[in-house]
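Observations on chain architecture
So the chains spell out like this:
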Amino acid sequence: MVSGCLSAKSTQSIDPPLLFKGKHVKSSQDVPPHVRAERGKRPDSDYSAYETDKSSQDVGPQWDNQRKVPYGMPQSWGGHVISRSDRHALMVQPPLATVYPVLKAHPRVPDGARPSSWDELETSESNFPSDSDHSSTLTSGWRGSQSEEETVTNNDTDEEVICDVCSQAAAAKTCLTCNSSFCELDVRQHYTVKSLRRHLLTDACEEVEAKRCLHYKKPLDVFCRTDQMQICRICALGYHKGHDLTSLRPHSARSQISVEGESENLEQRGKVVPPPGQISFPSVEPDSVTLRWGSPVGLDGPKRFRIKWSSLMKEGGSLVIKDFYKVEINNLQFGQKYFFSVATEDNDGNLSEWVTASVTTELPAPKHLSKGHSEATALSLKWTRGDNMEGTPHQYLINVTSPGKEPLAIHTEDCYKKFSDLQPDTEYTISVSTLLGGQCSQPVSITIHTEPCFREVLSMIGLEDQYDNKLTLSSVLEIDLSDAAGDKLERTKCLPETMLKELMMLNTNARSVRHLFGDGSNAVNPLDVAVALFLCSDGFLQQDIVLKMALCQYAVPLLLPIHETREITLMLWSMREIVRTFRPSNQAFRKISCEERLALSVIPLVSFVRLGRTNLSKSLILNKLLSNTQQCHDTFYHRHMIGGNVPRRVSEGLVEISWYLPCGNRNIDKFTEPLAVANLRGDIRAFDKQFSFLCQTSSVVYIFCMESEADYFKKLEGKDVKANVILVSSGQGNTLVLKMMKMRPSLKTTNLSQKKKTETELTKFIQESISKMLENCSNKVCVAQMAENARCCGILVDEDSDECQSARRNVSKITAGIADASGFKDKQLTLQGHLWKALSWVETEYWRLRKAGNQNVEVYRKSLKIKEEELRRKQLRFDMTAAMSSFLHGVVTSEVQRCYFLKWLEMDLDDRVRDQVSTLQDQYKELRQTFPKDMEAIAEVGKQISVVSLRLGHFFRECGQLFECVSYLPEYSRQRKTVERLPALFAQMLLDGFPLELVDGDTANIPMKWITEVLTELHHIMQSNSKLKVIAILGAESSGKSTLLNNMFGVRFAVGKGACTRGAFLQLIVVGNDARQELGCDCIVIIDTEGLKPHQTAQDDHSHERDKEVASLAVGLSDAVIVCVSGDDSSQRDVLEMALHAWTRLEVVGRKPQCHFVQTNMCEIPAVGKKKGKEVLELLLKIIQKDTRMKEANITTISDVMEVDSDTLLWHIPPIWRGSPPMAPLSDDYSETVQALKKRLIKALKKRHERRDLIHLITQVESVWTAPCRKRSIVF
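Keep in mind that what you see is a predicted model, and the values were worked out from it rather than measured. Throughout, residues of each chain are indexed from 1 in the direction in which the sequence is written. Local features are withheld for residues below a pLDDT of 70 in this predicted model, meaning they are given only at 70 or higher, and side-chain atom pairs are given and counted only at 80 or more; totals for whole chains, interfaces and linings count all residues. Heavy atoms throughout the structure, all of them, feed into the side-chain values; hydrogens and water do not.

Turning next to the overall build of the protein. What the protein contains, in helices and strands, is 37 helices and 43 strands. When accessible area is computed with a 1.4 Å probe and restricted to protein chains, residues below 20% of their type maximum are described as buried, those above 50% as exposed, and intermediate ones as partly exposed. Evaluated residue by residue, the protein yields a buried proportion of 54% over its 1276 residues. Areas reported here follow the Shrake-Rupley algorithm with a probe of radius 1.4 Å; residue values treat only the protein chains shown as occluding. Surface summary for the protein: the accessible area is close to 56700 Å², and the carbon and sulfur share equals 47%. Strands here mean DSSP runs of E at least two residues long; helices mean DSSP runs of H or I at least four residues long; both are numbered from the N terminus.

So, on to the sheet that holds strand 12 (residues 304-311). If you trace the four strands from one edge of the open sheet to the other, you get 13-12-15-16, paired in antiparallel fashion. The two strands at the open ends of the sheet, each matched to only one other strand, are strand 13 (317-322) and strand 16 (355-360). Neighbour-to-neighbour, the strand axes of the sheet open up by a mean angle of 20°, direction not taken into account. Each pair of strands is called paired provided DSSP finds at least two bridges between the two strands. Sheet topology note: the strand 12/strand 13 ladder contains six bridges and is antiparallel. Looking at strand 13, one finds that tryptophan 309 is bridged to glycine 317. In this description, a line fitted to the C-alpha atoms serves as the axis of each element, helices being fitted only across the stretch in contact, and the angle between N-to-C directions of two axes falls anywhere from 0 to 180 degrees.

Turning to the state of the cysteines, a few remarks are in order. Cysteine sulfur atoms are paired as a disulfide whenever they come within 2.5 Å of each other. For the structure shown, the criterion picks out zero disulfides. With no disulfide of its own, cysteine 695 has cysteine 793 as its nearest cysteine by sulfur position, at a separation of 9.6 Å.

This part is about the sheet that holds strand 34 (residues 736-742). The pairing of strands in a sheet comes from backbone hydrogen bonds and takes either a parallel or an antiparallel form. Pairing is mixed across the open sheet formed by 10 strands, whose spatial order is 35-34-33-32-29-31-30-25-26-36. Both edges of this open sheet fall to strand 35 (748-751) and strand 36 (796-797), since each of them pairs with a single strand only. Only heavy atoms matter for contacts: two residues are in contact if any of them lie within 4.5 Å across the pair. Against the sheet, helix 14 (residues 618-626) touches strand 29 (605-610), strand 30 (655-660), strand 31 (675-683) and strand 32 (700-706), its axis set at about 170° to strand 31. With respect to the sheet, helix 16 (residues 759-775) is in contact with strand 29, strand 31, strand 32, strand 33 (724-730) and strand 34, its orientation differing from that of strand 32 by roughly 155°.

Note on ring pairs: Phe, Tyr and Trp rings are taken, using the six-membered ring of Trp, and paired if centres are within 6.5 Å. Classes follow the plane angle, with under 30 degrees stacked, over 60 edge-to-face and the rest tilted. The final tally for this structure, using the stated rule, is 21 aromatic pairs. Ring centres of tyrosine 660 and phenylalanine 671 lie 5.2 Å apart, and the angle between their planes is 85°; this geometry places the pair in the edge-to-face category. Residue tyrosine 660 is found in strand 30, and its partner phenylalanine 671 is found in the loop between strand 30 and strand 31; the two are separated by 11 residues along the sequence. The lysine or arginine in question, lysine 308, covers the ring of tryptophan 354, its NZ or CZ lying 4.2 Å from the ring centre. In this scheme, the term charge over a ring applies when either NZ of a lysine or CZ of an arginine sits within 6 Å of the ring centre and within 35 degrees of the ring normal. Over the ring of tyrosine 846 we find arginine 861, and its NZ or CZ is 4.8 Å from the ring centre.

Further remarks concern the pairing of strand 16. Counting buried positions along strand 16 yields five of six residues, so the element is predominantly enclosed. In the sheet, strand 15 (residues 337-345) pairs with strand 16 via six bridges, with the strands oriented antiparallel. Within strand 16, the residue paired with lysine 337 across the bridge is threonine 360.

Any residue with an atom within 4 Å of a point lines the site, the site being either a cavity, points on a 1 Å grid over the protein atoms alone where a 1.4 Å probe fits but cannot get out, or a pocket, an open set with protein on both sides within 12 Å along at least 5 of 7 lines. Grid points are joined across faces, edges and corners, and a volume is the space filled by probe spheres set on the points. Within this structure, the stated rule accounts for 13 cavities of 30 Å³ or more. Quantified by volume, the second largest cavity comes out at close to 180 Å³. Taken together, 18 residues form the lining of the second largest cavity, with Met499, Arg511, Ala530, Phe534 and Met549 sitting closest to its centre. Those elements giving two or more residues to the lining of the second largest cavity turn out to be helix 8 (495-504), helix 10 (526-535) and helix 11 (539-551). Under the scheme applied, nonpolar residues are Ala, Val, Leu, Ile, Met, Phe, Trp, Tyr, Cys and Pro; charged residues are Asp, Glu, Lys and Arg; polar residues are all the others, including Gly. Taken together, the residues that form the lining of the second largest cavity break down as 16 nonpolar, no polar and two charged.

With respect to the helices and strands, histidine 394 occurs in the loop between strand 18 (379-384) and strand 19 (395-401). Here the side chain of histidine 394 touches threonine 392 through a polar contact of 2.5 Å, landing on its backbone oxygen. Two N or O atoms count as a polar contact when they lie within 3.5 Å, although within protein this holds only if one can serve as hydrogen donor and the other as acceptor, and sequence-adjacent residues are included solely when both atoms are side-chain atoms. Within polar-contact distance, the side chain of histidine 394 engages the side chain of tyrosine 396 at 3.0 Å. With near-sequence residues (within four places) excluded, histidine 394 lies in contact with Arg385, Met389, Thr434, Leu435 and Leu436.

With that out of the way, let us pick up the side chain of glutamate 843. The topology assignment puts glutamate 843 in helix 20 (residues 834-848). The class of glutamate 843 is buried, set by a relative accessible area of 13%. A distance of 3.1 Å separates polar atoms of two side chains, one belonging to glutamate 843 and the other to arginine 872. Discounting residues that sit within four places of it in the chain, glutamate 843 has contacts with Glu868, Arg872, Asn1005 and Ile1006.

Below you can see the structure in the form of structure tokens.
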């Protein structure tokens, strides 16, 4: 027998604790391995030579320079289980089967000598029992290390113990780690060598507890050559049965009991009590193990079993159970090898042979694995330690896999890891395991889809050039081939263009054009397109997009992620223009509505977020929550909509906001008070900044999560969260539970509901909980107030730019002193007072000659010119007011700052006069409905509206009057130079989307000099490429004319409560280069006119004729005319008659525009009452035949005044809302009909072959406006 080493047959090995050099022993087979190299020197030698020579390359330990510990020795001896050939690599391998004491030579036999009894035992090895019925399983792991050297006194040694090294001197100490005894000389290594000082020493003894079997506490008196280990006799008959065995005990009187005899006794007992079946482990946890075993064969009746367990580190326990075959053992240590033994026990207490098995308890897995920073080629992960791992040194093993890529393993000691050099737009699965002592825990995994390269996404949808050169409103409103041809673009790169055009026309299906989102790698989520559009648009287009989205009842961006810079922006400026009307419960009984700018409305904010992935569609539940009707409106885009299941690439981290606004009808309203609702796209673990912002600004935050994810919230414990936090957790069986969660002083959850099984039940309960919150909600906020919270969270605010803030400060100088609109106009807009009205009358009279009587026309006109000059000089007596000085300073600046200035001024003025104008507008509407023939009262309220109104147009009008007087100013004065720049600035403003007042609504006059100069400058800006065609609209008051034009062409005529068009305004739409040849023009001019008012009382100043004169001007300039009619047959007849009178003046200019009649507000007219085109033609013909003035003008048929197509003459426009505003969605029929009408109008323009440009338009304006002077037979 070779003592002290393992045979080559062994499949397992135990590395020696330390290798020495320079010493030799008498026989290398009879001494412990770690001292064999020291046998060459005698006691008088210098023991300093025993220290390891670090310069040796062939013998000696391998060292880790960072850890300062030797490689190549077991952990229990202070080393690491790492291959010597690759000591820097992490070798994750299962622990060895069993660690037993190291074999040693017999303590009493000199080197090379053995008692004859050994030979006798060796010759009888074949007589060991081999009963095939015996079955046991035993596995084990490494023995735990000793932390400090310890000396244990043992006085039970009756006989002298010989040193295992020299085999001559008496042993003084026994090493329980080496399982060897040492004399006074040889034991000194354990005091001088660093790695041996940790071994456990005791007084010399022949047998101690540590030298017994770890399982049965029997002496290790048998050596298994097969497994190269010392075992007890019971183990020899069990797991090692049939192996190559030999006895280690000397042949003495004390050990005459043969192995064969004991075998026979064990077999005899085994036959009496059958052993249990094999042990299995159905469940293994870090602190518990469940074991199961089979029923004993041949044993009937009740069965009793004795169970024992222990580990390598500590004693275990035992118990006896009856008629159970499964037991759970708790309170175990994680990552430890445990040995379990089960034996059958009969009624007499006799035991069967033990069936054994071992298992290692799991290591606690890491927790709270989440994604931190993420981009196209890099990301970071963070996690927390597993349970009870604090204070235990351990590491982590990270595995990174991705389809088609080579897996990667990473070792780290930190709870944070950053990954780089990743592929954009690629899915990675990353798992993290706890690593301790060569053992790994179960992995926790996360699947992450790296963000695509932002520029690549933009390129895919055709916006690669617009990120640096932002889209503008004028570029979006361009008429292109799709408008000219009437076909929808079906390429992926046309997605943004198509979505924008559909949105500008208030198409409720703008986000989900079915044929555009397709399948495969080119599929795009509509939210990605929306985010890309915002990132590629300037601030003014963003504002217009948000306004249109709000009208479509779409959620709008609150926090916009910017992937290029890894920043987040609060979209406050973009939401500034949203104004909505609603009726809260406290004003419902008075039937008073509130009209507010939503960015300034102080209302509760309710936020919805998610943790991890859930089966619920959060956005779908929100849509049900916000919809008043049974038919759910898709306010928030969700996975069940077209393209909604396409993975989001650039919209993760987006926070959207929408509003619930009551109408005052409790049978309809779900909430009686207004509230805002926010929705975070993505996992809150990846978007902590957005989540923190919502927790600070919201009244309530609802968190959708799975029950298994609830541990995440432990890290929120103690945080100051202003919002109430409610968990909506999904459990087994799709059950849903709402829990209130409090963070301070400690984390606490309280159930708010019983388990819900359907989304309908959940939605109803959320509605009830929000309603209760609204009753006593003190935490209210407006979007404008959120800006400060955003800055504290490191979030940008879109209106913090220098241009925007400078423009706002300039506007505040103008509006700060506005207490009364009428008084402000008298003091600050001095050129629009009585002098302006007198001037307007003189200029109009110059062409109308109403008061000329029998005077000579030339003399009369000359007197009017003299009077005009006198009035102009009186105007110049007024100094430049502070308000107009600030206004000019605001417009004579950079283009961007000028646009900000005009927008701020427009919104600020509207906020200051909205309530007063709105009240008067309600009175005006009520008078027209209740007393339609009381024209004096109606006219009086109309004048009051004009007096209290103060809009941006009043400042534009003042600029026009300044320019009319510029010729009277000193030639080289600074004021004159500034005023002379105004036409060019206003021409550019026309291109930027601002309307230009063509006819003054208060004086019914056209400032010809001002209009001429502005349009001339516009002609020059367009480089003389200003061929144009004109579309105008006529119709009754409040018939939806301005709204129709805005929705059809995306223009910005004033609409809303309190906004009523007076006079005429024009806006310019540029035609794209690709469509100019087909349309035959470079731009299209849109003219919006004042509503026609029949049966007005005559006024001395002829103001009652203003609407007719404006209508005639619009018709005379147009290529196509839209006539809006509504109401009953009598009112329709009045409007049609007034429209025909406008055509009678066209004989002077010789033009016949194509006409389209539009019947609006069709909800109140039954289908049988809707007129057809032929009926309208018959009605028009009757009016012509009965009107004497038309007979005098030789107008006998419709074709004498207009071009008509009986098939497309009349259009029925459905109601714009599908239900009761403000929560009613837009009607799909309305948007479809409006789009069809637009296509028809553009098709009509193609047939108009007249060539004219802006210079010709100027001439035509003057010609049509002065027509009555040359043909006075037609009088209105």
